[in-house]
There are 2 protein chains.
Amino acid sequence: MNRIAIVGVGLIGGSIGLALRDRAKFTGEILGVSSDRTISEAVRLGAIDRGVTLEEAAATADVLYLAQPISRIIWTLEHLSGIIRPGCLVTDAGSTKVRIMGAARDLPLFLGGHPMAGKESRGVSSADPHLFEGKTYVFTPRTGEGPEPSCVEFVRWMALCGAVPVFLSAEEHDRIVAFTSHLPQLCSTALASTVGSQVIEEKHLTVSGSGLRDATRLALSSWEIWRDIIATNCENIDHALSVYIDKLTEMRENLQTQRTGGEFDFAANVAGKVRR
Amino acid sequence: MNRIAIVGVGLIGGSIGLALRDRAKFTGEILGVSSDRTISEAVRLGAIDRGVTLEEAAATADVLYLAQPISRIIWTLEHLSGIIRPGCLVTDAGSTKVRIMGAARDLPLFLGGHPMAGKESRGVSSADPHLFEGKTYVFTPRTGEGPEPSCVEFVRWMALCGAVPVFLSAEEHDRIVAFTSHLPQLCSTALASTVGSQVIEEKHLTVSGSGLRDATRLALSSWEIWRDIIATNCENIDHALSVYIDKLTEMRENLQTQRTGGEFDFAANVAGKVRR
């Protein structure tokens, strides 16, 4: 990989540029495709070397890294077939994978990806070379394909950026994250909404501890991002919600019994494993 | 207040002792009622001056501070009537208030309390003089009573320990915390339990971000404490759970619509207020 082009230079795209340069010591060229304003900022921060059009990126890069919102990634993938250089690996950082893999089906070389790293703040100004440090980076290779050399090399660069590669099928990925990422988001949003609708006097919101703060942090997330995630993983999310609602209903029916005690013990054990 | 006796010298009781001495510069005597082992540790840490029996504490202290689990607080209150010195203010740190206020109804002077401060670790070895810094401390005076001078003085000491006093009726307190504290706990336990039952392969738990960690932190809490809280606030908790389940059901039915977008916006606003 001598030249990578990052399409969408926001928090993730900008952090990939910084991590490649600062942490992985990548000496090739880093191009960026974004608005003029973002390009200036990204160049200033050292996240990219220069801005180019999508056409130029597709015609000259070894790796095209799509770090846009999911619906934009799908749009870009559908417009690449005529302009992509044969031999260019296209990869992405979208939070759901099945729909994106589908949109990429005609590209000669594609590797789905999902770096499980983030921040509350957005944009290239929040980019951080250490964003991926120790964080899971899921790769979803096309099924039935052996490992392409360009994919192997790209995964190695992401590991050099600090990420921990995990390989899953796109279907497995979407089924798992419905529980480990999308369900926590909806739990938190529903909780904040419930508390807000029931605790009418604003001063009573201070009658709470750090638990409410932790449990409502995800509720700060914007619908702009989550609309795409929900739209592209709705069946798995619907299933996860139904299992969660059933669990809550069961706990409600057995609140004062040892069965809820068993649930606390099991949950504490799972929460411990999440922290390992 | 010249002499305070702390009954149950754990995280909260020990921290009250340390905060009174180190932060509030209380120069009176601090007694402790606990097991021999805990008393030695608490004296060593400077949280109390010496250990006494409950009878000695009740006969000699100006303030009796009950920092035990809820069921033990209720037990202690029911055993105080014969031994308490007239003029001694009894107060407590239990997480629910209506049942405790009921058990204290025969005491001449009682002020319900709930310091909304905590830590994941327990016991006097985790005690911290700054535990109450900036944290809400709810007081639930008996209805219809004017402020007793001893209550006013005690509240002032708690403010000198860094706490922010808030006054509510016991009923209001229990209704509010069902949403702001008890519901978040059950959400988190149900979430960790759901994830643990559905994400079978342990390595797949790493396919998650900081969101799952935050959302499952409360699930680490022990049933030992929550059994008492649920038992003494079950009607309010049952109601909070039913409102939450309805909200989730409504979101599930409208997942891909602007209605869920509105829910995200409202929830983000509430989550922002929780952080003020």
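Being a predicted model, the structure only gives us computed values, none of them experimental. (Residues numbered from 1 in each chain as written. Chains lettered and ligands numbered in written order. Predicted model: local features only at pLDDT ≥ 70, side-chain atom pairs only at ≥ 80, totals over all residues. Heavy atoms only, no water.)

1. Quick look at the relation of the copies chain A and chain B
Then comes step 1: Superposing chain A onto chain B requires a rotation of 180° together with a translation of 0.0 Å along the rotation axis, leaving an RMSD of 0.0 Å. Taken together, the rotation and translation describe the operation of a two-fold axis. (Least-squares fit on C-alpha atoms with pLDDT ≥ 70 in both.)

2. Some details on the interface of chain A and chain B
Then comes step 1: Contacts between the two partners involve 84 residues from chain A, matched on the other side by 84 residues from chain B.
Then comes step 2: Across the chain A/chain B interface, buried area totals approximately 7,800 Å², and carbon plus sulfur atoms make up 68% of it.
Then comes step 3: Of all residues in chain A, Trp 223, Phe 264 and Arg 275 of chain A bury the most surface against chain B, accounting for 10% of the area lost on that side.
Then comes step 4: At the junction of chain A and chain B, the tally comes to eight salt bridges.
Then comes step 5: Here chain A is connected to chain B by 25 residue pairs in polar contact (both at pLDDT 80 or more).
Then comes step 6: Residue assignment for the side of chain A that touches chain B shows that the elements contributing at least two residues are strand 7 (136-140), helix 7 (170-198), helix 8 (210-215), helix 9 (223-231), helix 10 (234-253) and helix 11 (258-274) of chain A.
Then comes step 7: The greatest single-element share of the side of chain A that touches chain B, amounting to 21 residues, is contributed by helix 7 of chain A.
Then comes step 8: For the side of chain A that touches chain B, the class distribution of residues is 43 nonpolar, 27 polar and 14 charged. (Contact = heavy atoms within 4.5 Å. Buried area = accessible area lost by both parts, 1.4 Å probe. Salt bridge = Lys/Arg side-chain N within 4 Å of Asp/Glu carboxyl O. Polar contact = N/O pair within 3.5 Å; in protein donor to acceptor, adjacent residues only side chain to side chain. Helix = DSSP H or I, 4+ residues; strand = E, 2+ residues; numbered from the N terminus. Nonpolar A, V, L, I, M, F, W, Y, C, P; charged D, E, K, R; others polar.)

3. Describing the packing of aromatic side chains
Then comes step 1: According to the stated counting rule, one finds 13 aromatic pairs over all chains in the structure shown.
Then comes step 2: By the ring-pair criterion, three or more aromatic residues cluster together here, those being Tyr 65, Tyr 137, Phe 139, Phe 154 and Phe 167 of chain A.
Then comes step 3: Sitting above the plane of the Trp 75 of chain B ring, Arg 72 of chain B keeps its charged end 4.5 Å from the centroid.
Then comes step 4: The positively charged end of Arg 156 of chain B is found above the aromatic ring belonging to Trp 157 of chain B, 5.8 Å away from the centroid. (Phe/Tyr/Trp six-rings, centres within 6.5 Å; stacked < 30°, edge-to-face > 60°. Lys NZ or Arg CZ within 6 Å of the ring centre and 35° of its normal.)

4. Description of unusual backbone geometry
All names here are of chain A.
Then comes step 1: For Lys 25, which is not glycine, the phi dihedral falls at a positive 55°.
Then comes step 2: Position of Lys 25 among the secondary structure elements: in the loop between helix 1 (11-23) and strand 2 (29-33).
Then comes step 3: Taking relative accessible area as the criterion, Lys 25 reaches 59% and is therefore assigned exposed. (Buried < 20%, exposed > 50% of the residue type's maximum accessible area, 1.4 Å probe, protein only.)

5. Here's the deal with the confidence of the model for chain A
Note that predicted coordinates carrying low pLDDT should not be read in detail.
Then comes step 1: Mean pLDDT over chain A works out to 95, with 100% of the residues at or above the 70 mark.
Then comes step 2: Two summary scores accompany this predicted model of the complex, namely pTM at 0.94 and ipTM at 0.94. (pLDDT = per-residue confidence, 0-100.)

6. Brief notes about the sheet that holds strand 4 (residues 63-66) of chain A
Residues and elements named next belong to chain A.
Then comes step 1: Strand order in this open sheet of eight strands is 3-2-1-4-5-6-7-8, and the pairing throughout is mixed. Either end of the sheet is taken by a strand with one partner, and the two such strands are strand 3 (50-51) and strand 8 (164-167).
Then comes step 2: Two strands pair when backbone bridges link them, and strand 6 (residues 110-115) and strand 7 are joined in this way by four bridges, in the antiparallel orientation. Bridge assignment links Pro 115 to a residue of strand 7, and that residue is Tyr 137. (Pairing = 2+ DSSP bridges.)

7. What to know about helix 4 (residues 70-80) of chain B
Then comes step 1: Of all the residues in helix 4 of chain B, the buried ones are Ile 70, Ile 73, Ile 74, Thr 76, Leu 77 and Leu 80 of chain B. Along the axis of helix 4 of chain B, the buried residues cluster in a sector spanning 165°; they form a single face. (Arc of directions from axis to C-beta.)

8. A short note on the environment of Asp 214 of chain B
Then comes step 1: Looking at the element boundaries, Asp 214 of chain B is found in helix 8 (residues 210-215).
Then comes step 2: Asp 214 of chain B gets classed as partly exposed once you look at its relative accessible area, which sits at 21%.
Then comes step 3: The sequence separation of Asp 214 of chain B and Ser 188 of chain B amounts to 26 residues, and the corresponding C-alpha distance is 9.2 Å.
Then comes step 4: Excluding anything up to four places from it in sequence, Asp 214 of chain B contacts Asp 214 and Arg 217 of chain A.

9. Topic: the nonpolar core
Then comes step 1: Counting residues in hydrophobic clusters, the biggest one holds 130 residues, and the most contacted among them are Leu 64, Leu 77 and Tyr 244 of chain A together with Leu 64, Leu 77 and Tyr 244 of chain B.
Then comes step 2: Those residues in contact with Tyr 244 of chain B that lie beyond four places of it in its chain are Cys 187, Ala 190, Leu 191, Thr 194, Tyr 244 and Leu 248 of chain A together with Leu 183 and Cys 187 of chain B. (Core = buried A, V, L, I, M, F, W, Y, C linked by side-chain atoms within 4.5 Å.)

10. With respect to the state of the cysteines
Then comes step 1: Across all of its chains, the model carries zero disulfides over all chains by this definition.
Then comes step 2: The cysteine Cys 151 of chain A is free of any disulfide, with Cys 88 of chain A supplying the nearest cysteine sulfur at 11 Å. (Disulfide = S-S within 2.5 Å.)

11. Some thoughts on the side chain of Thr 232 of chain A
Residue and element names in this part refer to chain A.
Then comes step 1: Tracing the backbone through its elements, the reader meets Thr 232 in the loop between helix 9 and helix 10.
Then comes step 2: A residue is classified by how much of its surface remains accessible, and Thr 232, at 11% relative accessible area, is buried.
Then comes step 3: A distance of 2.7 Å separates the side chain of Thr 232 from the side chain of Thr 96, its partner in a polar contact.
Then comes step 4: Setting aside residues up to four positions removed in sequence, Thr 232 forms contacts with Ile 70, Ile 74, Thr 96, Arg 99 and Asp 174.

12. Description of the packing of helix 10 of chain A against helix 7 (residues 170-198) of chain B
Then comes step 1: Running from N to C, helix 10 of chain A and helix 7 of chain B cross one another at 125°; their axes reach a closest spacing of 9 Å. If you check the angle between helix 10 of chain A and helix 7 of chain B, you find them oblique. For the pair helix 10 of chain A and helix 7 of chain B, the crossing hand works out as right-handed. The residues of helix 7 of chain B that touch helix 10 of chain A, namely those facing His 239, Val 243, Tyr 244, Lys 247, Leu 248 and Met 251 of chain A, are Leu 186, Cys 187, Thr 189, Ala 190, Leu 191, Ser 193, Thr 194 and Gln 198 of chain B. (Axes fitted to C-alpha atoms, helices over the stretch in contact; angles between N-to-C directions. Parallel < 35°, antiparallel > 145°, perpendicular 65-115°, else oblique. Left-handed = near helix turned anticlockwise from the far one by under 90°.)

13. Regarding the sheet that holds strand 5 (residues 89-92) of chain B
Two strands in a sheet stick together by hydrogen bonds in their backbones, pointing the same way (parallel) or opposite ways (antiparallel).
Residue and element names in this part refer to chain B.
Then comes step 1: With mixed pairing, eight strands are arranged side by side in an open sheet as 3-2-1-4-5-6-7-8. Each of the sheet's edge strands pairs with one partner strand only, and the pair in question is strand 3 (50-51) and strand 8 (164-167).
Then comes step 2: The pairing of strand 1 (residues 3-7) with strand 2 (residues 29-33) spans five bridges and is classified as parallel. Considered in strand 2, the bridge of Ile 4 is made with Ile 30.
Then comes step 3: Taken strand by strand, helix 1 (residues 11-23) contacts strand 1, strand 2, strand 4 (63-66) and strand 6 (110-115), and its axis lies near 160° from that of strand 1.

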